[in-house]
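Okay, here's what each chain looks like letter by letter:
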Amino acid sequence: MAGGIAAIITITASTSHSMGVALADQPPTRVAAADQARQQRVNGSAEQPPTPTIGELVAQRNQLLARSSDRIEAGRQQTALAARQDILADAAESVEEEAERLRNLSTFYWPTDGGVSSGFGYRIHPILGIRRLHNGADIGGDCGQPIWAAQAGTVTKVAPTGYNGGSGRNIRIDHGEIDGNDIQTAYLHMNKIEVKVGQKVNKGDRIGTVGTTGLSTGCHLHLTLYKNGRASDPLDYIKK
Ligand SMILES: [Zn+2]
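Sequence order sets the numbering: in each chain, residues are counted from 1 along the sequence as written. Whole-chain, interface and lining totals are the exception, using all residues; otherwise, since this is a predicted model, local features are given only for residues with pLDDT of at least 70 and side-chain atom pairs are given and counted only at 80 or more. To get the side-chain values, all heavy atoms of the structure are used, and hydrogens and water are removed first.

Numbering of helices and strands runs from the N terminus; a helix is a DSSP stretch of H or I covering at least four residues, while a strand is a stretch of E covering at least two. The helix and strand inventory of the protein chain stands at three helices and twelve strands. Each residue is placed in one exposure class: buried if its accessible area under a 1.4 Å probe, protein chains only, is under 20% of its type's maximum, exposed if it is over 50%, and partly exposed if it falls in between. Looking at the protein chain as a whole, 24% of its 240 residues qualify as buried. In this description, accessible areas are obtained by the Shrake-Rupley approach with a 1.4 Å probe, and a residue is regarded as covered only by the protein chains that are shown. Carbon and sulfur atoms provide 56% of the accessible area of the protein chain, an area that totals close to 15700 Å².

In structure tokens form, the structure reads like this:
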């Protein structure tokens, strides 16, 4: 009896052994295939990309948001830069205009044809015969020849008739501030006056004609330049 049991055990062992060999040679069972697929999911494989986790998706979304927010910021900065460039261009234009205005103010227009017959300074007066300040420059010329505004400004005085203390017919133009000084010019002994008080004139505009009215020995323009209210040498400003 005992010999019989031993035989059965041997047979069983042998059967088990032969079955084990047989398993290795056979194609994988369904369980083995599922296990392999799970293993591939864990390890990752070339054919099948791994399914992203929620954390990975959130990270991807955050990355996209950050990138688009970067693009929006770049666009905003570009717009701001363009606006700033516009402002700078406008400012440069204003500076150039102001520089042009100042260049314009720094040069004066020779107010009538002819040279200087008597300059600014003390002299023996040609009619009165006494030494006194000649407070302007005598220029030109023939009676009736045009007089032009030496600088842009506003006419502040017109004396159309009379002796006027020797000045004869005369006008005055206020040029405002030039190089930090209030500058005005006055045109004396005129024949014809062609402007009115309050009228704005440009440099070189015709304002009247040369005469010999008032205390004068002959046809000429007496030009006075007032610097902060004081008569100064007009030739400091007005160059031929
Ligand atoms: Zn004079």
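Back to the write-up after that little detour.
To continue, consider the coordination of the zinc ion. Those donors, His134 (NE2), Asp138 (OD) and His222 (ND1), are the protein atoms that reach the zinc ion, and they lie 2.0 to 2.2 Å from it. Metal donors: N, O and S atoms at distances within 2.8 Å, or within 3.2 Å for Na, K and Ca, with water omitted from the atom set so that some sites may seem incomplete. In primary-sequence terms, the residues that donate to the zinc ion follow H-x3-D-x83-H. When sorted by exposure, His134 lands in the same class as Asp138, which is buried.

Residues Asp86, Asp90, Glu93 and Glu97 make up a contiguous surface patch of negative charge. Within the secondary structure layout, Asp90 lies in helix α3 (residues 54-106). Like-charged residues are merged into a patch within 9 Å and nonpolar side chains (Val, Leu, Ile, Met, Phe, Trp, Tyr) within 5 Å, provided each residue has over 30% relative accessible area and no salt bridge. We define a salt bridge as a side-chain nitrogen of Lys or Arg found within 4 Å of a carboxyl oxygen belonging to Asp or Glu. The convention is simple: Lys and Arg are positive, Asp and Glu are negative, and His and the chain ends are not counted. To locate a charge, the coordinates of NZ of Lys, CZ of Arg, CG of Asp or CD of Glu are taken.

A few words on the packing of aromatic side chains. Pairing of aromatic rings covers Phe, Tyr and the six-membered ring of Trp, with a centre-to-centre limit of 6.5 Å; geometry is then stacked below 30 degrees between planes, edge-to-face above 60, and tilted otherwise. Across all of its chains, the model carries two aromatic pairs by this definition. With 5.4 Å between their ring centres and 70° between their planes, Phe108 and Tyr237 make a pair best called edge-to-face. Residue Phe108 is found in the loop between α3 and β1 (116-118), and its partner Tyr237 is found in the segment after β12 (230-232); the two are separated by 129 residues along the sequence. Like Phe108, the residue Tyr237 is buried in the burial classification.

Moving on, we get to the side chain of Thr209. By the secondary structure assignment, Thr209 is in strand β10 (residues 206-210). Not counting residues within four places of it along the chain, the set of residues in contact with Thr209 comprises Gly144, Gln145, Pro146, Ile147, Met190, Asn191, Lys192 and Glu194. The contact rule is simple, with two residues in contact once any of their heavy atoms fall within 4.5 Å.

Once that is clear, we can look at the nonpolar core. Take the buried Ala, Val, Leu, Ile, Met, Phe, Trp, Tyr and Cys residues and link them wherever side-chain atoms come within 4.5 Å; each set so joined is a nonpolar core. Counting 23 residues, the largest nonpolar core has Ile173, Tyr187, Ile207 and Ile238 as the members making the most contacts within it. The contacts of Ile173, once residues within four sequence positions are left out, are Ala149, Gly153, Thr154, Val155, Thr156, Ile183, Gln184, Thr185, Tyr187, Val201 and Ile207.

The term disulfide is used for any two cysteine sulfur atoms that are within 2.5 Å. Applying the stated criterion across every chain, the model contains one disulfide. Across a sulfur-sulfur distance of 1.8 Å, Cys143 and Cys219 are joined as a disulfide pair. Its S-S torsion of about -95° marks the bond between Cys143 and Cys219 as left-handed, since a negative value means left-handed. Taken together, the residues Cys143 in the loop between β4 (137-139) and β5 (146-148) and Cys219 in the loop between β10 and β11 (221-227) connect sequence positions 76 residues apart.

Strand pairing is defined by DSSP finding a minimum of two bridges between the two strands. For strand β2 (residues 121-124) and strand β3 (residues 131-134), the ladder comprises four bridges, and the chain directions are antiparallel. Paired with Tyr122 across the two strands is Leu133, which belongs to β3. Taken together, β2 and the strand that follows it, β3, pair antiparallel across an intervening segment of six residues, in which Gly129 is found at a positive phi of about 70°.

A separate point is the side chain of Gln145. Inspection of the secondary structure puts Gln145 in the loop between β4 and β5. For Gln145, a relative accessible area of 13% corresponds to the buried category. Two N or O atoms count as a polar contact when they lie within 3.5 Å, although within protein this holds only if one can serve as hydrogen donor and the other as acceptor, and sequence-adjacent residues are included solely when both atoms are side-chain atoms. Among the polar contacts listed, one links the side chain of Gln145 to the side chain of Thr112, at a separation of 2.8 Å. A polar atom in the side chain of Gln145 sits 3.0 Å from the backbone nitrogen of Asp142. Apart from the residues within four sequence positions on either side, Gln145 is in contact with Thr112, Asp113, Gly140, Gly208, Thr209 and Val210.

A separate point is the pattern of salt bridges. Overall, the coordinates contain four salt bridges when judged by the stated rule. Arg76 is paired through a salt bridge with Glu73; the nearest N and O atoms lie 3.1 Å apart. Taken as a pair, Arg76 and Glu73 lie in helix α3 at a separation of three residues, close to a single helical turn. A salt bridge links Lys192 to Glu194; its shortest N-O distance comes to 3.8 Å. Look at Lys192 and you get partly exposed, because its relative accessible area is 49%. Through salt bridges with shared partners, a single network forms among Lys192, Glu194 and Arg206.

The next thing to look at is unusual backbone geometry. Looking along the chain, the bond that leaves Gly140 and enters Gly141 is cis, with omega of -10°. Summarising the element assignment, Gly141 is placed in the loop between β4 and β5. Phi at Asp179 takes a positive value of approximately 50°, unusual for a residue other than glycine. You can see Asp179 is positioned in the loop between β7 (169-178) and β8 (181-193). By relative accessible area, Asp179 is classed as exposed at 63%.

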